[in-house]
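Close look at the chain arrangement
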Amino acid sequence: MKRALILGITGQDGAYLAQLFLSKGYKVFGTFRRASTPNFWRLMALGLEDKIELISVDLTDMSSMISALEIAQPNEVYNMAASSYVADSFECPLANLDVTGMAVARLLEAIRIVNKDIKFYQSSSSEMYGNHCDPQLGAHYEKSRMEPISPYGVAKLAAHHLVNIYRQTGMYCVSGILFNHESPLRGLDFVTRKITNTVAKIKLGLCKDLILGNISVRRDWGYAPEYMEAVWLMMQQDQPDDYAIGTGVSHTVEEFAYGTGCIADVKFDIKQNPMLYRPLDIKFLECWTGPTKEKLNWSTKTRFGQLVEIMVKADIQRWTDWQDGKTFPWDAPLYPNEAKVLRR
């Protein structure tokens, strides 16, 4: 039986990855960060909380990483842990560089010390590209120039380069450059889930306004569970490599918002709040999928409209169940109004 250790198992990607591994017969271990309030709602929503083994790990402490490796004795390690909300990286750049970037150096060293035959996956990000786009393709792929414009993007790029260095020393290290991928398990910090959650409340008369920041940026949005299948495939190849994962199609935030309204059958005006703009924002991200299709024989199945429908229907059902007094794992009731959070 294969053994997998997933760092960041309580996040969207970690939870779906755990679900996939269990379906493939893996023994699954997952790390989580100790917090004053536990954050296991995604694992509970998928019914996984009793099927995995949990290990507390601090990404700033290499000794805890070594301990986790010794406990889990994994064949494969998947790093899905990071401070992944880009806007917050401008508020806390030093912490983001440490947790998202330097933590990968600690983890790679921990693997080298404990067992350098362990396969390692790093979740890289399309945020590494910044505003540079390949002029011939009009899109981005594994070899596109990377010029990040956020502390998060810089941290991810540092980790990406570290993975390449350790790969050249003989370790099996893979980087998956994942473009935006969403699901009903997406956190409310992210604009897609913020939209579907708010539109669901508008539908049920719990809210009137949809307040957003920059609605003109374009993103390549895919369905997270499908992307985790690609992640697993990357780690089953004979030789480690970098892979860009996306749909090959991009849409604006405004298109996502009004698409959600059409599916929910509600009308609303988008109100833009300058406080919700990032100091710097990437205007356009779209994946060129050719190399990945060829190397992994993988492509997305869920189209943009289907993704929007999956997410908004899930949030409408949640708020309906909440109105009916049902108890179930989710995040929205505990989340503050983002417009009330002061930013510099």
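Structure report, in brief. The shown structure was predicted, so the numbers you read here are calculated from the model rather than taken from an experiment.

Here we take up the environment of Arg218. Along the chain, Arg218 falls in strand β9 (residues 218-219). Look at Arg218 and you get partly exposed, because its relative accessible area is 28%. Between the alpha carbons of Arg218 and Ser175 there is a distance of 23 Å; along the sequence they are 43 residues apart. Arg218 has contacts with Ser250, His251, Thr252, Glu255, Lys283, Phe284 and Leu285, leaving out every residue within four places of it along the chain.

As a further point, take the sheet that holds strand β6 (residues 173-178). The parallel open sheet is built from seven strands, whose spatial order is β3-β2-β1-β4-β5-β6-β11. The sheet is open, and its two borders are formed by β3 (53-56) and β11 (242-245), each paired with just one other strand. In this sheet, neighbouring strand axes are inclined to one another by 20° on average, regardless of whether the strands run parallel or antiparallel. Across four bridges, strand β4 (residues 76-79) lies against strand β5 (residues 119-125) in parallel orientation. Looking across to β5, one finds that Val77 is bridged to Phe120. On top of the sheet, helix α3 (residues 62-72) reaches β1 (3-7), β2 (27-32), β3 and β4; it is set at about 155° to β1, its chief contact. Packed on one face of the sheet, helix α8 (residues 224-234) meets β4, β5, β6 and β11 and runs near 155° to β6.

On to unusual backbone geometry. Of note in this structure, Gln73 is not a glycine but carries a positive phi near 45°. Here Gln73 is to be found in the loop between α3 and β4. Non-glycine residue Asn297 carries a positive phi angle of around 55°. Summarising the element assignment, Asn297 is placed in the loop between α10 (290-296) and α11 (304-323). You can call Asn297 exposed: its relative accessible area is 70%.

Turning our eyes to something else, we now look at the nonpolar core. Phe21, Tyr78, Tyr121, Met234 and Ile245 are the most contacted members of the largest nonpolar core, which has 61 residues in total. Not counting chain neighbours up to four residues away, the residues in contact with Met234 comprise Tyr121, Tyr172, Val174, Ser175, Gly176, Leu178, Tyr243, Ile245 and Leu296. Grouped together as the second largest cluster of nonpolar side chains are 25 residues, Leu7, Val77, Leu108 and Ile111 included.

What counts, and at which threshold
- Residues numbered from 1 in each chain as written.
- Predicted model: local features only at pLDDT ≥ 70, side-chain atom pairs only at ≥ 80, totals over all residues.
- Heavy atoms only, no water.
- Helix = DSSP H or I, 4+ residues; strand = E, 2+ residues; numbered from the N terminus.
- Buried < 20%, exposed > 50% of the residue type's maximum accessible area, 1.4 Å probe, protein only.
- Contact = heavy atoms within 4.5 Å.
- Pairing = 2+ DSSP bridges.
- Axes fitted to C-alpha atoms, helices over the stretch in contact; angles between N-to-C directions.
- Core = buried A, V, L, I, M, F, W, Y, C linked by side-chain atoms within 4.5 Å.

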